[in-house]
Amino acid sequence: MSEPTEELRRLRVIVADDQAAVREPLAAVLGLAEDIDVVAAAADGTEVLAAVAAGPVDVVLMDLRMPVMDGIETTRRLCEQYPQVAVVVLTTFADDDSILGALGAGARGYLTKNAGRKDITRAIRAAAAGQSVLDREVQDRLLATVRNTAPATHAAVPGSAALPEDLTRREREVLALIGQGLPNRGIAEKLFVSEATVKTHINNLFAKAGIPDRAAAVRRAIEAGLA
């Protein structure tokens, strides 16, 4: 007789977008995933907060441009009032103000609406697990912003921004590759290891260096002269 399999944990997700033509099909498509339950669809930030209060909720897939209360302000309030709820931004906007505003408010992921269903579901799962996922275009813009604002001495002298001494060589390599904008899969291919191994290195790296998310890791890598 076969052993019973562990029941799959289903993630409770809110889809927030002011356009019904986007919100409803997106909710329907995400609902097809075996581990995702779309528990609410919201047209603005106030509806998001009300749905989260009615909970429980794991992840909010958040548009930025919404009436009444926009996505950045909603993200800020969610992170203050419901820190257990992860936010993944899904928007057509990839300008610096939008990216930095959303990540600064506490968003764990940032995707543009060019992302496919697999990318979106992957980002939702990563956010629920405490990881950050950034669209490649977003990573590139964030890298450019940090490079333009980082002190010249940090950019010119490797290691000028102190990193913990107990970081392993591999953890430093992973940080450098994050700083170059590579996603976990790209890091795994570069280092000839599995994505699971990369995730372990990232978790250890973040814990040792006090890095809260991937955006902060990019800044830290550049400041330390690793990227």
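Report on the accompanying structure.

Thresholds applied
- Residues numbered from 1 in each chain as written.
- Predicted model: local features only at pLDDT ≥ 70, side-chain atom pairs only at ≥ 80, totals over all residues.
- Heavy atoms only, no water.
- Helix = DSSP H or I, 4+ residues; strand = E, 2+ residues; numbered from the N terminus.
- Buried < 20%, exposed > 50% of the residue type's maximum accessible area, 1.4 Å probe, protein only.
- Pairing = 2+ DSSP bridges.
- Contact = heavy atoms within 4.5 Å.
- Axes fitted to C-alpha atoms, helices over the stretch in contact; angles between N-to-C directions.
- Arc of directions from axis to C-beta.
- Polar contact = N/O pair within 3.5 Å; in protein donor to acceptor, adjacent residues only side chain to side chain.
- Phe/Tyr/Trp six-rings, centres within 6.5 Å; stacked < 30°, edge-to-face > 60°.
- Lys NZ or Arg CZ within 6 Å of the ring centre and 35° of its normal.
- Right-handed = clockwise from strand over helix to strand, strands pointing away.
- Salt bridge = Lys/Arg side-chain N within 4 Å of Asp/Glu carboxyl O.
- 1 Å grid on protein atoms, 1.4 Å probe; cavity = no way out; pocket = protein on both sides within 12 Å on 5 of 7 lines; lining within 4 Å.
- Points joined across faces, edges and corners; volume = space filled by probe spheres on them.
- Nonpolar A, V, L, I, M, F, W, Y, C, P; charged D, E, K, R; others polar.
- Core = buried A, V, L, I, M, F, W, Y, C linked by side-chain atoms within 4.5 Å.

Let's talk about unusual backbone geometry
Here the bond from Gly55 into Pro56 is cis, since omega is -5°, no more than 30 degrees from zero. Its place among the elements puts Pro56 in the loop between helix H2 (45-54) and strand E3 (59-62). Of note, the phi angle at Val68 is positive, near 70°, even though the residue is not glycine. Relative to the helices and strands, Val68 is located in the loop between E3 and helix H3 (71-81). Val68 gets classed as exposed once you look at its relative accessible area, which sits at 69%. Unlike most non-glycine residues, Phe192 shows phi in positive territory, near 60°. The residue Phe192 is located in the loop between helix H9 (184-191) and helix H10 (195-209) in this model. Using a relative accessible area of 77% as the deciding quantity, one classes Phe192 as exposed.

Quick look at the sheet that holds strand E6 (residues 133-134)
The strand order E2-E1-E3-E4-E5-E6 describes an open sheet built from six strands, whose pairing is parallel. Sheet topology places strand E2 (36-42) and E6 at the edges, where each strand pairs with a single neighbour. Packing of H3 onto the sheet brings it into contact with E3 and strand E4 (86-91), and relative to E3 it is tilted by some 165°.

Looking at helix H4 (residues 96-105)
Three or four residues apart is the spacing at which side chains of an α-helix point the same way, because the helix has 3.6 residues per turn. Taken together, the buried positions of H4 are occupied by Ser98, Ile99, Ala102, Leu103 and Ala105. Buried positions in H4, seen along its axis, are confined to an arc of 160° and lie on one side of it. Exposed positions of H4 whose direction lies more than 90 degrees from the buried face are Asp97 and Gly104. Where H4 begins, the capping side chain belongs to Asp95, and its oxygen is found 3.3 Å from the backbone nitrogen of Asp97. Once H4 ends, the next one or two residues include Gly106, with phi positive near 120°.

What to know about the packing of aromatic side chains
Taken as a whole, this structure holds zero aromatic pairs when the rule is applied. Residue placement shows Arg65 over the ring face of Phe93; its charged tip is 4.1 Å from the ring centre.

Looking at the pairing of E2
The pairing of strand E1 (residues 11-16) with E2 spans six bridges and is classified as parallel. Across the sheet, residue Ala16 finds its bridge partner in E2, namely Ala42. For the crossover that starts at E1, traverses helix H1 (residues 20-30) and ends in the parallel E2, the hand is right-handed.

Notes on the pattern of salt bridges
Per the stated rule, a full pass over the model turns up eleven salt bridges. Of the charged contacts in the structure, one is a salt bridge between Arg125 and Asp35, with a shortest N-O distance of 2.7 Å. Here Arg125, found in helix H5 (residues 117-128), pairs with Asp35, found in the loop between H1 and E2; they are 90 residues apart in sequence, far enough to count as distant. Under the relative-accessibility criterion, Asp35 is labelled buried at 10%. What you see here is one network of salt bridges that share partners, running through Asp17, Asp63 and Lys113.

Things to note about the layout of surface pockets
Taken as a whole, the largest pocket holds about 690 Å³ of empty space. Taken together, 26 residues form the lining of the largest pocket, with Arg122, Ser132, Val133, Pro183 and Asn184 sitting closest to its centre. Sorting the residues of the lining of the largest pocket by element identifies H5, E6, helix H6 (136-149), H9 and H10 as the ones contributing at least two each. For the lining of the largest pocket, a count of residues per class yields ten nonpolar, six polar and ten charged.

Side note on the nonpolar core
The nonpolar side chains of a soluble globular protein tend to be buried, and buried together. The biggest cluster of nonpolar side chains holds 29 residues, and the ones touching the most others in it are Ile14, Val48, Val52, Val60, Met62, Leu78 and Tyr110. The set of elements that each furnish at least two residues to this core consists of E1, E2, H2, E3, H3, E4, H4 and H6. For Val52, the residues in contact, after removing those within four places along its chain, are Ile14, Val57, Val60, Leu78, Tyr82 and Val85.

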